Amino acid sequence: MSGFLAPAIKLMNMLSYAQKFGVISFTFFVPLLLLSYAIIDQTYQQIEKTKLEQSSLHIINEILEISDQATLYRDVGGVASFFSRPEINDEADKLSTNLFKGINSVINENLSSPIADELESKKKPWRTGFDRSGESRQPTINDQYKGYNQVVQDMIFSASKAAQASGINQDTDANVQILLNMVMSDYPAYQANMGFANTLALYAIFEKYISTEVYNSLNDAYDGLDQTQKDMAKKHKSLLKNERFKVLFEKEFTNIEKSVEEIKYKLDDEIVSAMSVEITWRDFRKYYLDRTVSIQSIRKIALDEISAILQVRIDELSQKLAIVAVAIILVMLLIVYLYAAFFWSVRSTVGQFFNAAQKISRGDMRVRVNVESKDEMGELTGEFNVMVDKIHSLLK
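Residues numbered from 1 in each chain as written. Predicted model: local features only at pLDDT ≥ 70, side-chain atom pairs only at ≥ 80, totals over all residues. Heavy atoms only, no water.

Caption draft 1: Quick look at the overall build of the chain. Along its length, the chain carries 11 helices and 0 strands. When its helices and strands are written in sequence order, the chain yields α-α-α-α-α-α-α-α-α-α-α. Its C-alpha atoms give the chain a radius of gyration of 39 Å, clearly above 21 Å, the size a compact globule of 396 residues would have. Expressed as lengths along the three principal axes of its C-alpha atoms, the size of the chain is roughly 140 × 40 × 35 Å. A total of 396 residues make up the chain; the buried ones form 41% of that total. Relative to all contacts within the chain whose residues are 6 or more apart in sequence, the contacts with residues 24 or more apart total 77%. Put simply, the chain shows about 22,200 Å² of open surface, and 57% of that area lies on carbon and sulfur atoms. The chain carries 44 positive and 51 negative side-chain charges, and their two centres are separated by 9 Å. (Helix = DSSP H or I, 4+ residues; strand = E, 2+ residues; numbered from the N terminus. Rg over C-alpha atoms; globule rule 2.2 N^0.38 Å. Buried < 20%, exposed > 50% of the residue type's maximum accessible area, 1.4 Å probe, protein only. Contact = heavy atoms within 4.5 Å. Areas by Shrake-Rupley, 256 points an atom, 1.4 Å probe, with all protein chains shown as cover. Lys, Arg positive; Asp, Glu negative; His and termini not counted. Charge placed at Lys NZ, Arg CZ, Asp CG, Glu CD.)

Here it is as structure tokens:
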């Protein structure tokens, strides 16, 4: 063992006690400080990541609101592509203007975010995709709806990219993932089926004498609403097993399920099974829009709940960070305090031995070392004093 320690012993023998303690302190405190920094930094990074996820919810919501405006244009603009009547075309133009104003507003509000560049690059393709003439004009209302709905889906995909950029789509909280999937996947799919029924209804109202092709499509839209209602009910039943979700969503889930059923029956009574179409397109559209507001309410509740979950995590991590920081500081202060006490204890004892040795060398045999310690230095003190006594006795 002495051979293994020989280099260290040699080094220590070359140093004063102050230097020895300095070397030992440095080699002890540096790793401790690095470890403490790693723990604090990891917690801090978790807080910042969660804050980034939380802030992305605002952008995600803004893009989904844009997609809501796009669905309004999709349903009306698709019909306007086939009819030259000013009332429907004017409405489509107004919806298109509002849509791209909304896109520009989101871009201006988020200039420092990569999503602004994403939306800016998508504006022209989206505008082209929503054209009511040229290559975007399709031969049938079904195809027109599909083309326009693809633009809507691309907007929702931009919201997904914002979620991916912030990392919230990979959040470890199960409820966050469930709610995020609901607002960015489940409900957009429901809205697409409902929008198809709305578009077909408006088209049939303008067509007046419903062709066989359109009639078949209306039946498909009716079946789509029926399936949407069933899918909603199944999804909602699963979600409401969660007590927290039950408190948040039970009323809104009931409302939207009822609304889909009402739209389905309205479509059947006023158009599919009617002897003649009497309802105006504005009345049917108002009836439809009044019964889809629950979708926006559900999304707001879901995003607010995600934000609340993330805020709880931020608060817990911040508290943890404060506790860890205080604990580390207190531990280090205690270590420094005890280390300093140990250093001064050794230094004081060595100093007494040094002073006693100087006095003895000058012939003063009455000097004694007084160290109250139970360690090896205390034992050495006792033996030193016995040795001085014996020398003193011999000299007498």
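Back to the text.
Caption draft 2: Spatial organisation of the pattern of salt bridges. A complete count under the given rule lists 18 salt bridges for this structure. A salt bridge links Asp226 to Lys230; its shortest N-O distance comes to 3.4 Å. Residue Asp226 and its partner Lys230 are located together in helix H7 (residues 212-239), separated by 4 residues, close to a single helical turn. Classification of Asp226 by relative accessible area gives partly exposed; the value is 24%. One salt-bridge network, in which partners are shared between bridges, spans Glu91, Lys94 and Arg285. (Salt bridge = Lys/Arg side-chain N within 4 Å of Asp/Glu carboxyl O.)

Caption draft 3: Main features of the side chain of Thr228. Inspection of the secondary structure puts Thr228 in helix H7. There is a polar contact of 3.1 Å between the side chain of Thr228 and the side chain of Asn193. The residues contacting Thr228, other than those within four sequence positions of it, are Tyr190 and Asn193. (Polar contact = N/O pair within 3.5 Å; in protein donor to acceptor, adjacent residues only side chain to side chain.)

Caption draft 4: How the structure looks around the packing of aromatic side chains. On inspection of all chains with the given rule, the structure shows 11 aromatic pairs. An aromatic cluster is built from Phe82, Phe83, Tyr203, Phe206 and Trp281, whose rings are joined through pairwise contacts. The ring of Phe100 is capped by Arg127, whose NZ or CZ atom sits 4.0 Å from the centre of that ring. If you follow Arg137 out to its NZ or CZ, it ends over the ring of Phe82, 4.0 Å from the centre. (Phe/Tyr/Trp six-rings, centres within 6.5 Å; stacked < 30°, edge-to-face > 60°. Lys NZ or Arg CZ within 6 Å of the ring centre and 35° of its normal.)

Caption draft 5: Structural view of the nonpolar core. Residues Met182 and Leu267 are the most contacted members of the largest nonpolar core, which totals 83 residues. If we skip the residues at most four places from it in the chain, Leu267 touches Ala197, Ala201, Leu218, Ala221, Tyr222, Leu225, Val272 and Phe284. Residues Ala356, Val369, Phe384 and Val388 belong to the second largest nonpolar core, which totals 7 residues. (Core = buried A, V, L, I, M, F, W, Y, C linked by side-chain atoms within 4.5 Å.)

Caption draft 6: Broad picture of the packing of helix H3 (residues 86-109) against helix H9 (residues 281-290). At a closest axis distance of 12 Å, the pairing of H3 and H9 adopts a crossing angle of 35°. For the pair H3 and H9, contact is made by Glu87, Ile88, Glu91 and Leu95 and by Trp281, Arg282 and Arg285, respectively. (Axes fitted to C-alpha atoms, helices over the stretch in contact; angles between N-to-C directions.)

Caption draft 7: Structural view of the packing of H7 against helix H8 (residues 243-272). Here H7 crosses H8 at 165°, and the two axes come no closer than 10 Å. As judged from the angle between their axes, H7 and H8 are roughly antiparallel. Crossing hand, H7 versus H8: left-handed. Residues belonging to the contact of H7 with H8 are distributed by class as follows: 17 nonpolar, 3 polar and 5 charged. (Parallel < 35°, antiparallel > 145°, perpendicular 65-115°, else oblique. Left-handed = near helix turned anticlockwise from the far one by under 90°. Nonpolar A, V, L, I, M, F, W, Y, C, P; charged D, E, K, R; others polar.)

Caption draft 8: Looking closely at a nonpolar patch on the surface. Taken together, the side chains of Val326, Ile329, Leu330 and Leu333 define a hydrophobic patch exposed on the protein surface, amounting to about 390 Å² of accessible area. Mapping Leu333 onto the fold places it in helix H10 (residues 293-361). (Patch = residues over 30% accessible without salt bridge, like charges linked within 9 Å, V, L, I, M, F, W, Y side chains within 5 Å.)

Caption draft 9: Region of the structure containing H7. The terminal C-alpha atoms of H7, which comprises 28 residues, lie 40 Å apart, in line with the 40 Å expected from a rise of 1.5 Å per residue. Among all positions in H7, only Val214, Ser217, Leu218, Ala221, Gly224, Leu225, Thr228, Gln229, Met232, His236 and Leu239 are buried. Buried residues along H7 sit in contact with helix H5 (141-166), helix H6 (174-207) and H8. (Expected span 1.5 Å × (residues − 1).)

Caption draft 10: View of the side chain of Asp268. By the secondary structure assignment, Asp268 is in helix H8. This buried residue, Asp268, is left without a salt bridge; Lys264 holds the nearest opposite charge, at 9.1 Å. Within the local environment of Asp268, its side chain forms a polar contact with the side chain of Ser273, the two groups lying 2.7 Å apart. Apart from the residues lying within four places of it in its own chain, the contact partners of Asp268 are Tyr222, Ser273 and Ala274.

Caption draft 11: Seen up close, the environment of Val293. Inspection of the secondary structure puts Val293 in helix H10. Judged by relative accessible area, which is 48%, Val293 ranks as partly exposed. Taking the C-alpha atoms as reference points, Val293 and Glu252, 41 residues apart in sequence, are found 9.8 Å from one another.

Caption draft 12: Looking closely at the environment of Leu200. Within the secondary structure, Leu200 sits in helix H6. Residue classification places Leu200 among the buried positions, given a relative accessible area of 0%. Each C-alpha atom, one on Leu200 and one on Ala221, is 7.5 Å from the other, the two residues being 21 residues apart in sequence. Apart from residues no more than four positions distant in its own chain, Leu200 is found in contact with Ile141, Asn142, Val214, Ser217 and Leu218.

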